[in-house]
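These are the residues of each chain, in order.
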Amino acid sequence: MAEELDLASCDLEFKYNNEEHHTDLHGVDRLIVRRGQPFAITLHLRSGTLQPGVSAFQLIAETGPTPEEKWGTKATFGLTDTINKKCWSASASCSPGNIVSLLICPSPKAPIGRYSLTLDHGHKVKLGEFVLLFNPWCLRDVVYMEGEEMRKEYILSQDGLIYRGTPKCFNILPWNFGQFEPGILDICLRILDENPKHLRNPGKDCSGRRNAVYVTRVLSAMINCNGDRGVLQGNWSGDYEDGTSPSYWNSSVPILQEWKSSECCAVCYGQCWVFAAVACTVSRALGIPCRVVTNFESAHDTNSNLLIEYYYTADGENEGDDSVWNFHVWVESWMTRPDLGLGYEGWQVSDPTPQEKSEGVYCCGPIPLKAIKQGELTLKYDAPFVFAEVNADVVKYITLKDGRKIKFGGSTTRVGQCISTKCVGKDSREDITHLYKYPEGSEEERMVFEKASHHNKLREEGLEPGLKLKIKVSPDMKRGSDFDVFAVIANNTPVAKTCRLMYHGRGVTYNGKLRGACGLTDISDLQVAPGEEKSLPLSMCYGNYNSVITQDAMIRLMAILIDVDTKEMFNKTRTIVLEDPEINIRILGEPKENRQLTAELSLQNPLPEPLMKCTFSVGGANLTDGKTITETVESVGPRETTTVKIRFTPTYVGLRKLVVDFSSDKLSNIKGYKNVIVGK
């Protein structure tokens, strides 16, 4: 008969295991491990031994409120001679002095979450608790990612860059994902526990956490608060008085902390890049490789016909529900798709911004990029919606005063441009449009439309060659300055043309909602000689546009040209982004771990009026101890430069990003960043 065990204590070897499992940035005060990879614990016995095949005992690993073997939320296993990395297993080695080293391997298909570990040798003894995460380092895990540089970027990096604006004028928003900041992992696990599926059936939901597709879909729904206790409430109205403007945020950490401290009340407010950035933080924290992606000229197809239909009045108002956003931001997560079979592994799109319901819930994806590129719209999840976002055709109609609707333009190439994400290992933009679709106008791209049942293929017929219309802009369109934009008309016919030109500018939000006018030209008897090109300016004065632009600092230009004799109509639109002032950042001193540094920050007021209540804020993963440090300046005169100094103390070695924000009464949410290489 085997000798009965008398356990004195159990050491879960937090520091050693967390370092081996690339989780030590979460802290080393508890055990955090990854699927499919062994971890070591040490048992100190008063008496007895553990021997494979001899000792009558079992280990029990359990997760969730109602763990059961059939759901995969409970695993019972004994000792074997060697570890089996395909399932839960354990092996032991004994040392003098009744010390036993156990090596335990979680199944690469086990549900992620909080676990308890119990030793059962006639009576049960709880050895401790641990957190289990997805494992991109494990070949048998569905989130396995080859290449250490890729894993560093998409799992371990706490900083990123988000692209916004327009295809020809995008700006960069530095973002602190902060997935390893204290308390963030627990908040991410709570997000899973607050999802409606868990509240209805916790056993089934915890079992579903074996599946990265399931977890990604839950996160897509829970990052927004539509219909659940999700993290963020969206707001595109321009009124943020009872919350925080979406443009204020530059870190996921305070958003997640506020959600937790408010007992899971939605944080006000978010827009697409905020939703995506928070989803990226949670995904990386849980072990799913993830990146933030921006689609410029992103379509929102409300009736699922893969067409964006504009119905304009004679005044230029759009009466349709479809829209094309100047940009839209979502996330891609890396995983295989056992539910779809071979060929659909790799990056998968999911979108936490609440736009349309999917299976009754405001979520979107995941859908493989390969399915979108090939037009496989029957695959899960939400392929038609994502396909339209990057590849819908645009058709335009104008409603005349007599009620007739006339088609006067369109495009097969406008939607889905410069699809962008941060490069691996460097602060530059990677264009990934080719992963979503074939080159515009190519034979392959048109064949994909046929496969996607896109029967309304439009060509820009009739817009040329007689008259040509385009919009040109000034090279220097800085916020606070006056500048001109131009409607350029070319007559490529042998006869003179009499035209009417209606050309105006209006404030616009990034998702295409028009605001007030800030410039208008209406010329009813414009003469254009044969072969002549005319450039007609529209003045954009600060005094006019300042009151109609939003936090996005965008102006929509629209020109309509009518040939008086033939009644042909031509139109062009263009969105411009006003350039914000630059924050100059200097680091004073040599960056060292646990040594105080000083950041010197300066900014020139670009406006012809003073700025009041000016605040510089800095933050950064492992630089400011998870806090935002601020310095205020009462006022800055017109065109004057202000300078402040802020002190902070790095806590970890390596490359870090110091993210800086400037806000005032008239100019807010100006972003900047500085890479800081912290030495030992």
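This text goes with the structure placed above it.
Predicted model only: the values in this text are computed from it and were never measured.

> Outline the pairing of strand 29 (residues 569-577), listing residues and values.
In the sheet, strand 28 (residues 554-563) pairs with strand 29 via 9 bridges, with the strands oriented antiparallel. The residue of strand 29 that forms the bridge with Leu561 is Phe570. The loop that links strand 28 with its antiparallel partner strand 29 comprises 5 residues; one of these, Lys567, has a positive phi angle of about 65°.

> Could you give an account of the side chain of His21, naming the residues involved and the relevant values?
Secondary-structure assignment places His21 in the loop between helix 1 (14-20) and strand 2 (31-34). We classify His21 as buried; its relative accessible area is 0%. Other than its neighbours up to four places away in sequence, His21 contacts Ile32, Val33, Arg34, Gln37, Pro38 and Phe39.

> Before we move on, can you summarise the packing of aromatic side chains with the specific residues and values?
Summed over all chains, the structure comprises 21 aromatic pairs. Here Tyr154 and Trp347 contribute two aromatic rings whose centre-to-centre distance is 5.0 Å and whose plane-to-plane angle is 85°, an arrangement assigned as edge-to-face. You can see Tyr154 sitting in helix 2 (residues 148-156) and its partner Trp347 sitting in strand 17 (residues 346-350), a full 193 residues away along the chain. When its relative accessible area of 2% is taken as the criterion, Tyr154 is described as buried. Overall, the relative accessible area of 9% leaves Trp347 in the buried class. Pairwise contacts between aromatic rings join Trp236, Trp273, Phe275, Trp325, Phe327 and Tyr510 into one cluster. The residue whose ring lies beneath Arg284 is Phe177, and the NZ or CZ to ring-centre distance is 4.7 Å. Between Lys373 and the ring centre of Tyr438, over which it is positioned, the NZ or CZ distance is 4.7 Å.

> Explain the sheet that holds strand 32 (residues 611-619) residue by residue, including any values.
Spatially, 33-32-35-36 is the arrangement adopted by the 4 strands of the open sheet, whose pairing is antiparallel. One side of each edge strand has no neighbouring strand; the edge strands of this open sheet are strand 33 (629-636) and strand 36 (670-678). Between one strand and the next, the sheet's axes are offset by a mean angle of 20°, whatever the strand orientation. Sheet topology places strand 32 next to strand 33; 7 bridges connect them, and they run antiparallel. By the bridge assignment, Ser617 is partnered in strand 33 with Thr630.

> Residue-level account of the environment of Gln158, with values.
Looking at the element boundaries, Gln158 is found in the loop between helix 2 and strand 10 (159-166). On the basis of relative accessibility, which here comes to 5%, the residue Gln158 falls in the buried class. Separated by 23 residues in sequence, Gln158 and Glu181 place their C-alpha atoms 9.0 Å apart. Polar contacts involving the side chain of Gln158 include one to the main-chain amide nitrogen of Phe180, which spans 3.3 Å.

> How would you summarise the pattern of salt bridges if you had to cite specific residues and measurements?
Oppositely charged side chains are able to pair whenever their charged atoms sit close together. Counted by the stated rule, this structure contains 30 salt bridges. Residues Lys70 and Glu68 are paired through a salt bridge, measuring 3.9 Å at the closest nitrogen-oxygen approach. By relative accessible area, Glu68 is classed as partly exposed at 31%. Here Arg209 makes a salt bridge to Asp193, at a shortest N to O gap of 3.0 Å. Placement of the pair is Arg209 in the loop between helix 5 (202-208) and helix 6 (212-222) and Asp193 in helix 3 (residues 184-193), with a sequence separation of 16 residues. Through salt bridges that share partners, Arg30, Arg114, Asp186, Asp193, Asp205 and Arg209 make up one connected network.

How each quantity is defined
Residues numbered from 1 in each chain as written. Predicted model: local features only at pLDDT ≥ 70, side-chain atom pairs only at ≥ 80, totals over all residues. Heavy atoms only, no water. Pairing = 2+ DSSP bridges. Helix = DSSP H or I, 4+ residues; strand = E, 2+ residues; numbered from the N terminus. Buried < 20%, exposed > 50% of the residue type's maximum accessible area, 1.4 Å probe, protein only. Contact = heavy atoms within 4.5 Å. Phe/Tyr/Trp six-rings, centres within 6.5 Å; stacked < 30°, edge-to-face > 60°. Lys NZ or Arg CZ within 6 Å of the ring centre and 35° of its normal. Axes fitted to C-alpha atoms, helices over the stretch in contact; angles between N-to-C directions. Polar contact = N/O pair within 3.5 Å; in protein donor to acceptor, adjacent residues only side chain to side chain. Salt bridge = Lys/Arg side-chain N within 4 Å of Asp/Glu carboxyl O.

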